[in-house]
Amino acid sequence: MRAVVTVTGTDRRGVIAKVSGFLFEKNVNIEDVSQTILGEQFAMIMMVDGSESEVEFSALADGLEQLGKQIGMTIRLQHADIFDAMHTV
Amino acid sequence: MFGSSQVLETVEMVEKEHLDIRTVTMGISLLSCVRGDAAGTAEAVYDRVMRKAARLVPVTEQLSREYGIPIVNKRVSVTPVSLVTAAFPEESALVGRALDRAAKELGIDFLGGYSALVHKGTADYEEIFLGTIPEVLASTERLCASVNVGSSRSGINIDAVRRMGEVVKETAARTAAQDGLGCAKLVVFCNAVEDNPFMAGAFHGVGEADTVINVGVSGPGVVSHVLSFAQDADLTEAAELIKRTAFKITRAGQLVAREASKRLGARFGIVDLSLAPTPARGDSVARILEELGLEVVGCHGTTAALAMLNDAVKKGGVMASSRVGGLSGAFIPVSEDIGMIEAAEAGKITIEKLEAMTCVCSVGLDMIAIPGDTPASTISAIIADEAAIGMVNNKTTAVRVIPAPGKGVGDKVTFGGLLGEAPVMPVHPGDASKFIGRGGSIPAPIHSFKN
């Protein structure tokens, strides 16, 4: 399962470490990471592969959402198909 | 392959511009449910809808979670009920109520198909069926009704148009305590389509497969947002921007439609490319027209702007989906669009202008509150005018007006939720009763003879 993690909010220390730590624990592989500024906000985008993970998609998404609340950021997990569909002809 | 800017574009569309999938609608054929009596038929209908749509809500919620795009409504459309109850039309309400019960138990907001197709003539059983509509809409919550009174091939059945004026009035009277809410669930069509996923006019055509998934996309806020960054663009460029945006929105719908049909074991029907507004701020078709340079929706230029918008949406959408259908275009309901509500309240848009706009967009006079004392024959005349536009222009047109009981111009009706609220708009006081009272049919236009 190819998916995209987006993290947005006010930049703070340790965000990458926390998110990647969580994904590592769940056996989700990070394939690519990029960072950018969205308006006045920090945005991090991770391409991930969860095919080796035994955690279900919705549980993974819930876990990331919870983690986001703990660190004061918004974290979403979305299937990569949606971006492929919308942005490639 | 997409990049990070595209990821963020999608995230922004959802979080700031109200991008959503407006509806995943499962069409279910009820023809196999006909039994020897109404009670047996109602039971069979209930069982079939419950069985076929059992997983509709959980599957669409799962898809919404996976793709990170809200799927606002889950709905069901069924074979026109008048066909299912043809042998016992007096008892059609039993089937209507069974469908409403199924809708509640499935957790879906609307179920469409308490319908009759009488465009070429009204059969005896259909005449009786039409008479059941007011009582059924007053005694159900989620059931929607529609009646097709005309088509480009067959002309307009004015007898049915006359009858529907009375049905609309009676429906309003029976739901007077809720400002005539029943009329918000009743659409009168010309050239009704068999695969429309949007309510209140959805039904499952007899030419359709057993069970299909039709998806309606949305996204007026996204189009508005894109145009807000293109203030200096000429209209050719603006049309191109709308096309590109419609492409992206439709692609999301296509993905959901395909995946939903796979998981639900139903055929992928169509993606309906409509821009459907909601009363929420930032989700308005009127605002798109104003973004194009009109001071207020309803002023001169509105019809031209809407024509361009409607066409660009279709062009972008057609490219994005393998199967396009339904109503596909821009919706201009008054009570469901904050820009329309404000223009109507300020007296800047009139029914006459809305009628002109329906010549170039996908549906018709939609969710318009009119004075409660409007005669049935005037409502019929409004229906006849819209049907004529649809018939001559080979397009779907519809009328969903609410003659708000006890209310007049200056008053307001409130339905809440997606149905919104609307000021009561004036109708022309002239009398059309003799014209409507003549009955008969308006013959099909000459250009209908294509065989």
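Residues numbered from 1 in each chain as written. Chains lettered and ligands numbered in written order. Predicted model: local features only at pLDDT ≥ 70, side-chain atom pairs only at ≥ 80, totals over all residues. Heavy atoms only, no water.

1. Describing the overall build of chain A
- When helices and strands are counted, chain A shows three helices and four strands.
- Along its sequence from the N terminus, chain A presents helices and strands in the succession β-α-β-β-α-β-α.
- The C-alpha atoms of chain A give a radius of gyration of 13 Å, which matches the 12 Å a tight globule of 89 residues would have.
- Reported as C-alpha extents along the three principal axes, the dimensions of chain A are approximately 35 × 30 × 20 Å.
- Counting the 89 residues in chain A, one finds 47% classified as buried.
- Long-range pairs, those at least 24 residues apart, make up 67% of the contacts in chain A between residues at least 6 apart in sequence.
- When the accessible surface of chain A is split by element, carbon and sulfur atoms take 45% of a total near 4,600 Å².
- Of the charged side chains in chain A, 7 are positive and 13 negative, and the gap between their average positions amounts to 11 Å. (Helix = DSSP H or I, 4+ residues; strand = E, 2+ residues; numbered from the N terminus. Rg over C-alpha atoms; globule rule 2.2 N^0.38 Å. Buried < 20%, exposed > 50% of the residue type's maximum accessible area, 1.4 Å probe, protein only. Contact = heavy atoms within 4.5 Å. Areas by Shrake-Rupley, 256 points an atom, 1.4 Å probe, with all protein chains shown as cover. Lys, Arg positive; Asp, Glu negative; His and termini not counted. Charge placed at Lys NZ, Arg CZ, Asp CG, Glu CD.)

2. Notes on the packing of aromatic side chains
- Evaluation of the coordinates by the stated rule reveals three aromatic pairs over all chains.
- Their ring planes at 40° and their centres at 5.3 Å tell us that Phe83(A) and Phe2(B) sit as a pair that is tilted. A residue pair is termed interchain when its members come from two chains, as with Phe83(A) in helix 3 (residues 81-87) and Phe2(B) in the segment before helix 1 (4-16). Taken individually, Phe83(A) and Phe2(B) each receive the classification buried, so the pair is uniform in this respect.
- On the numbers, 4.8 Å between centres and 80° between planes, the contact of Phe198(B) with Phe331(B) is edge-to-face. Of this pair, Phe198(B) sits in the loop between strand 6 (186-190) and strand 7 (211-217) while Phe331(B) sits in the loop between helix 11 (302-320) and helix 12 (338-345), placing them 133 residues apart in sequence. Like Phe331(B), Phe198(B) is buried.
- Note that Arg101(B) overlies the ring of Tyr46(B), its terminal NZ or CZ placed 4.1 Å from the centroid. (Phe/Tyr/Trp six-rings, centres within 6.5 Å; stacked < 30°, edge-to-face > 60°. Lys NZ or Arg CZ within 6 Å of the ring centre and 35° of its normal.)

3. Notes on the environment of Val334(B)
All names here are of chain B.
- Structurally, valine 334 can be placed in the loop between helix 11 and helix 12.
- Expressed as a C-alpha distance, the spacing of valine 334 and arginine 65, which sit 269 residues apart in the sequence, is 31 Å.
- With near-sequence residues (within four places) excluded, valine 334 lies in contact with Met340, Ile341, Ala344, Leu354, Asp366, Met367, Ile368, Ala422 and Met425.

4. Some thoughts on the layout of surface pockets
- In this structure, the largest pocket spans a volume of roughly 340 Å³.
- Glu65(A), Arg76(A), Glu15(B), Arg65(B) and Gly68(B) are the residues nearest the centre of the largest pocket, which is lined by 19 residues in total.
- Within the residue set of the lining of the largest pocket, elements represented by two or more residues are helix 2 (57-71) and strand 4 (74-79) of chain A together with helix 1 and helix 3 (56-67) of chain B.
- Take the lining of the largest pocket: its biggest share by element is five residues, from strand 4 of chain A.
- In this structure, the second largest pocket encloses a volume near 230 Å³.
- Residue lining of the second largest pocket: Ile351(B), Glu352(B), Glu355(B), Leu365(B), Thr378(B), Ala381(B), Ile382(B), Asp385(B), Val427(B), His428(B), Gly430(B) and Ala432(B), and that is the complete set. (1 Å grid on protein atoms, 1.4 Å probe; cavity = no way out; pocket = protein on both sides within 12 Å on 5 of 7 lines; lining within 4 Å. Points joined across faces, edges and corners; volume = space filled by probe spheres on them.)

5. Quick notes on helix 12 of chain B
Residues and elements named next belong to chain B.
- A large share of helix 12 lies buried, amounting to six of its eight residues.
- Among all positions in helix 12, only Ile338, Gly339, Met340, Ile341, Ala343 and Ala344 are buried.
- Elements that come into contact with the buried residues of helix 12 comprise helix 10 (285-291), helix 13 (351-357) and strand 12 (421-423).
- The opening residue of helix 12 is aspartate 337, an N-cap whose side-chain oxygen sits 2.9 Å from the backbone nitrogen of glycine 339. (Polar contact = N/O pair within 3.5 Å; in protein donor to acceptor, adjacent residues only side chain to side chain.)

6. Here we look at the interface of chain A and chain B
- With 28 residues of chain A at the interface, the matching set in chain B holds 24 residues.
- Buried surface at the junction of chain A and chain B, summed over both partners, amounts to about 2,400 Å²; 69% is from carbon and sulfur atoms.
- Among the residues chain A hides against chain B, the three largest losses belong to Ile82(A), Met86(A) and His87(A). Together they make up 27% of the total.
- At the boundary of chain A and chain B, one finds three salt bridges.
- A salt bridge links Glu65(A) to Arg65(B), with the shortest nitrogen-to-oxygen separation between them at 3.3 Å.
- In this structure, the connection of chain A to chain B is made through nine residue pairs in polar contact (both at pLDDT 80 or more).
- Put simply, the parts of the chain that give the side of chain A that touches chain B at least two residues each are strand 1 (2-9), strand 2 (29-38), strand 3 (41-49), helix 2, strand 4 and helix 3 of chain A. (Buried area = accessible area lost by both parts, 1.4 Å probe. Salt bridge = Lys/Arg side-chain N within 4 Å of Asp/Glu carboxyl O.)

7. Quick notes on empty space enclosed by the protein
Residue and element names in this part refer to chain B.
- Tallying each qualifying case throughout the model produces two cavities of 30 Å³ or more.
- The computed volume of the largest cavity comes to approximately 340 Å³.
- Around the largest cavity, the lining comprises 26 residues; the ones closest to its centre are Phe198, Met199, Ala200, Glu336 and Arg400.
- Taken together, the elements giving at least two residues each to the lining of the largest cavity come down to strand 2 (71-78), strand 6 and strand 10 (397-404).
- Counted by class, the lining of the largest cavity contains 17 nonpolar, three polar and six charged residues.
- Mapped onto the domain boundaries, the lining of the largest cavity takes at least three residues apiece from domain 1 (26-190) and domain 2 (215-443).
- Roughly 40 Å³ of volume is contained in the second largest cavity. (Nonpolar A, V, L, I, M, F, W, Y, C, P; charged D, E, K, R; others polar. Domains from an automatic or database assignment.)

8. Focus on the pattern of salt bridges
Residue and element names in this part refer to chain B.
- For the structure on display, the rule yields 32 salt bridges over all chains.
- When the shortest N-O distance is used, the salt bridge between glutamate 135 and arginine 97 registers 3.1 Å. Separated by 38 residues along the polypeptide, glutamate 135 in helix 6 (residues 124-139) and arginine 97 in helix 5 (residues 92-106) bring together distant segments of the chain.
- On the basis of relative accessible area, glutamate 135 is assigned to the partly exposed category, the value being 29%.
- A salt bridge links glutamate 141 to lysine 104, with the shortest nitrogen-to-oxygen separation between them at 3.8 Å. Separated by 37 residues along the polypeptide, glutamate 141 in the loop between helix 6 and strand 4 (143-151) and lysine 104 in helix 5 bring together distant segments of the chain.

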